[in-house]
Amino acid sequence: MKFGGTSVEDATAIDRIAGIVKDRVPERPLVVVSAMAKVTDQLLAMAGAAGAGDLDKALELCLKLRERHYTTAGELLGTGLHTELHSELGEMFNSLEQLLRGICAVGELTPRTSDHVASFGERLSSMIIAPAFVARGLNAALLDARQVIVTDAQHMRAVPQVDEINHRLEIKVAPLLADGRVPVMGGFIGSTPEGKTTTIGRGGSDFSAALVGAGLNAERIEIWTDVDGMKTTDPRVCPDAHRIKIISFEEAAELAYFGAKVLHPATVLPAVEKNIPVLVLNSRNPKNEGTRILSHPEPSKSLFKAIAVKSRITIIDIVSARMLMAHGFLNKVFEVFARHRCAVDVVSTSEVSVSLTVDSNEAIPQIAADLEDLGQVKYSGRQAIVCLVGEAIRERSGVAAQVFDAIRDINVRMISQGASEINLTFVVDEADVPEAVRRLHAKFFADVDPEVFD
Ligand code: ADP
Ligand code: ASP
Ligand code: MG
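Let us look at the structure shown here. (Residues numbered from 1 in each chain as written. Chains lettered and ligands numbered in written order. Predicted model: local features only at pLDDT ≥ 70, side-chain atom pairs only at ≥ 80, totals over all residues. Heavy atoms only, no water.)

To continue, consider the sheet that holds strand E8 (residues 246–248). Reading across the sheet, the eight strands line up as E3-E4-E2-E1-E7-E9-E10-E8 and stay open at both edges, with mixed pairing between neighbours. Among the strands making up the open sheet, the edge pair consists of strand E3 (140–143) and E8. Relative to strand E7 (residues 221–225), strand E1 (residues 2–3) is paired through two bridges, and the arrangement is parallel. Along E7, the bridge assignment pairs Phe-3 with Trp-224. Contacting strand E2 (31–33), E3 and strand E4 (182–186), helix H5 (residues 111–135) runs over the sheet at an angle of about 160° to E4. (Pairing = 2+ DSSP bridges. Helix = DSSP H or I, 4+ residues; strand = E, 2+ residues; numbered from the N terminus. Contact = heavy atoms within 4.5 Å. Axes fitted to C-alpha atoms, helices over the stretch in contact; angles between N-to-C directions.)

Each aromatic ring pair is characterised by the separation of its centres together with the angle its planes make. Here the structure, examined in full by the defined rule, presents six aromatic pairs. Here the aromatic rings of Tyr-257 and Phe-258 are separated by 5.2 Å at their centres, their planes lie at 80°, and the arrangement is edge-to-face. Judged by relative accessible area, Tyr-257 falls into the partly exposed class, the value being 35%. Residue Phe-258 is classed as buried on the basis of its relative accessible area, which comes to 6%. Over the face of the ring belonging to Phe-120 we find Arg-123, whose NZ or CZ atom lies 4.4 Å from the ring centre. One Lys or Arg, Lys-310, reaches over the ring of Tyr-257 and ends 4.9 Å from the middle of that ring. (Phe/Tyr/Trp six-rings, centres within 6.5 Å; stacked < 30°, edge-to-face > 60°. Buried < 20%, exposed > 50% of the residue type's maximum accessible area, 1.4 Å probe, protein only. Lys NZ or Arg CZ within 6 Å of the ring centre and 35° of its normal.)

Time to look at the pattern of salt bridges. As enumerated under the stated definition, the model contains 23 salt bridges in all. Salt-bridge contacts for Glu-27 lead to Arg-220; the nearest nitrogen and oxygen are separated by 3.1 Å. With Glu-27 in the loop between helix H1 (11–24) and E2 and Arg-220 in the loop between helix H7 (205–215) and E7, the pair connects residues that are 193 residues apart, well separated along the chain. Judged by its relative accessible area of 44%, Glu-27 is partly exposed. Take Arg-220: its relative accessible area is 26%, and that puts it in the partly exposed class. When the shortest N-O distance is used, the salt bridge between Arg-394 and Glu-250 registers 3.4 Å. Of this pair, Arg-394 sits in the loop between strand E14 (376–389) and helix H12 (399–406) while Glu-250 sits in helix H8 (residues 249–257), placing them 144 residues apart in sequence. When its relative accessible area of 36% is taken as the criterion, Glu-250 is described as partly exposed. It is possible to trace a salt-bridge network through shared partners that takes in Arg-24, Glu-27, Arg-220 and Glu-222. (Salt bridge = Lys/Arg side-chain N within 4 Å of Asp/Glu carboxyl O.)

This part covers the pairing of strand E12 (residues 344–349). Pairing of E12 with strand E13 (residues 353–359) involves four bridges; the strand directions are antiparallel. Across the sheet, the residue bridging to Ser-348 is Ser-355, located in E13. Where E12 folds back onto E13 in an antiparallel hairpin, the turn is made up of three residues.

Let us now look at the site of ligand 1. Taken together, 18 residues sit near ligand 1, with Thr-225, Asp-226, Lys-231, Arg-236 and Lys-261 positioned nearest. Between ligand 1 and Lys-261, the relevant distance is 2.7 Å, taken from an oxygen atom to a side-chain nitrogen or oxygen of the residue. One of the backbone N or O atoms of Val-262 is found 3.5 Å from an oxygen atom in ligand 1. In isolation ligand 1 offers 570 Å² of accessible surface; the protein chains occlude 88% of this area. Its residues assigned to classes, the shell around ligand 1 comprises six nonpolar, six polar and six charged. (Near = heavy atom within 4 Å. Polar contact = N/O pair within 3.5 Å; in protein donor to acceptor, adjacent residues only side chain to side chain. Areas by Shrake-Rupley, 256 points an atom, 1.4 Å probe, with all protein chains shown as cover. Nonpolar A, V, L, I, M, F, W, Y, C, P; charged D, E, K, R; others polar.)

This part takes up the nonpolar core. Of all hydrophobic cores here, the largest spans 80 residues; its most connected members are Ile-293, Phe-304, Val-403, Phe-426 and Leu-440. Discounting chain neighbours no more than four positions away, the residues touching Phe-304 are Leu-388, Val-389, Gly-390, Ile-393, Val-399, Val-403, Phe-444, Phe-445 and Phe-453. In this structure, Phe-3, Leu-65, Leu-76 and Ile-128 belong to the second largest nonpolar core, which totals 52 residues. (Core = buried A, V, L, I, M, F, W, Y, C linked by side-chain atoms within 4.5 Å.)

One ladder, built from five bridges, connects strand E15 (residues 412–417) with strand E16 (residues 423–429); its direction is antiparallel. Its bridge partner lying in E16, Ser-416 is registered against Thr-425. Where E15 folds back on E16, the antiparallel hairpin that results is connected by five residues, among which Glu-421 adopts a positive phi of roughly 55°.

Further remarks concern unusual backbone geometry. Positive phi is not limited to glycine here, since Lys-38 has a value of about 70°. Tracing the backbone shows Lys-38 in the loop between E2 and helix H2 (39–51). For Lys-38, a relative accessible area of 63% gives the class exposed. Phi is positive for Phe-188, close to 70°, though the residue is something other than glycine. For Phe-188, a relative accessible area of 4% gives the class buried.

So, on to a nonpolar patch on the surface. Residues Val-319, Leu-324, Met-325 and Val-352 make up a contiguous nonpolar surface patch of roughly 390 Å² in combined accessible area. Summarising the element assignment, Val-352 is placed in the loop between E12 and E13. For Val-352, a relative accessible area of 33% corresponds to the partly exposed category. (Patch = residues over 30% accessible without salt bridge, like charges linked within 9 Å, V, L, I, M, F, W, Y side chains within 5 Å.)

This part is about the environment of Gly-19. Position of Gly-19 relative to the elements: it lies in helix H1. Distance from Gly-19 to Leu-138, taken between C-alpha atoms, is 9.5 Å for residues 119 residues apart in sequence.

Here it is as structure tokens:
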């Protein structure tokens, strides 16, 4: 059971999830928690301020965070327990302050130190939640995620080492479960084999939960969040989005990758490999059935399952006559991106040009400069990928015509349909996204199959 930031945002939320976990005790749950809502952003902001030499600002932010955690712990625990935890939290915050002072003194924020600062979010939330569970009658055991989630040393997006993780799960976690304990651990963070703290990418607590669930051969993986499951589109853009009752691994992975923030894209992989169902559920409305992600759900009548949007995208165009009839050209292009460790999302090519999209990032001017050796390079930011997902795309004809007819007056910059044939993806200006999504949603989700949607 993984609880995201909003599900642990304050004492009320934590009290609520204690109730949810209690109902699952006969099924021997393990709990993975995120940092309290917005805490990771705040930690990274204070690390940034310290790195830029603004120690006052960093310490001020740190003080607010200290007070928030003290208040939450105080509201959750009786006096005796609270005194003990209060001093442990105090030590944590003192060492965080030390760290910020150190960053400021050095005048530089390295990825390694950034990870160290970011790790406080999940360490603090799990430190509070485990005793709060105990105080509510759960036999909880706090587990330091860094003892279990072993990763490589690529700070800020470290890669989990699955064999070692599975080994640690077997020796450190399985015995707790066998003993009837409810292990509580932070998501998102890990450690290199040498003991250096790492993080596995923003939104990574879902991934942690999937790694643990797969490693322990769990019956299912539950991702508890603040909406009733995966929706046909981001409910903030379209309030009339429907809940998707059942979706395939393939569709869910595609959606998560193209921006449906509700699930981290890597979450589905460990689950797929072991065919473990993933459920997306609402901690504020636990009676709702949420979304079930399965390997082979019944085929549905609906053309699309959902529309996802990934904003803050840059398109890079490379035009080169040398591409004509040449071999190895794309290889050279991709080599440049690989050198900058920059992932490419959508690609389309013609005889003499290639267009690619990447997440907007500060390395783009340098990447563009390196690509100049290969041809004329142009790039434009503030773009967004819109992705329609559905397994039925495979069998239907005329799908593209229907889609582009709905948005015929909106300028489409790139179009792609992947080999999996379950998505239709295109790129538009960020400013056109709300209108495009609302129109597509109105066209394809006005009258939906009640077997699949709510
Ligand atoms: P958590 O803190 O629980 O990990 P996130 O903020 O990462 O929660 O993800 C939940 C949010 O994802 C929702 O509040 C919703 O606004 C957003 N979201 C984006 N696309 C979708 C979608 N297709 N279905 C459901 N939620 C979505
Ligand atoms: N707290 C981390 C983040 O905000 C990880 C997570 O919540 O999934 O990115
Ligand atoms: Mg999330």
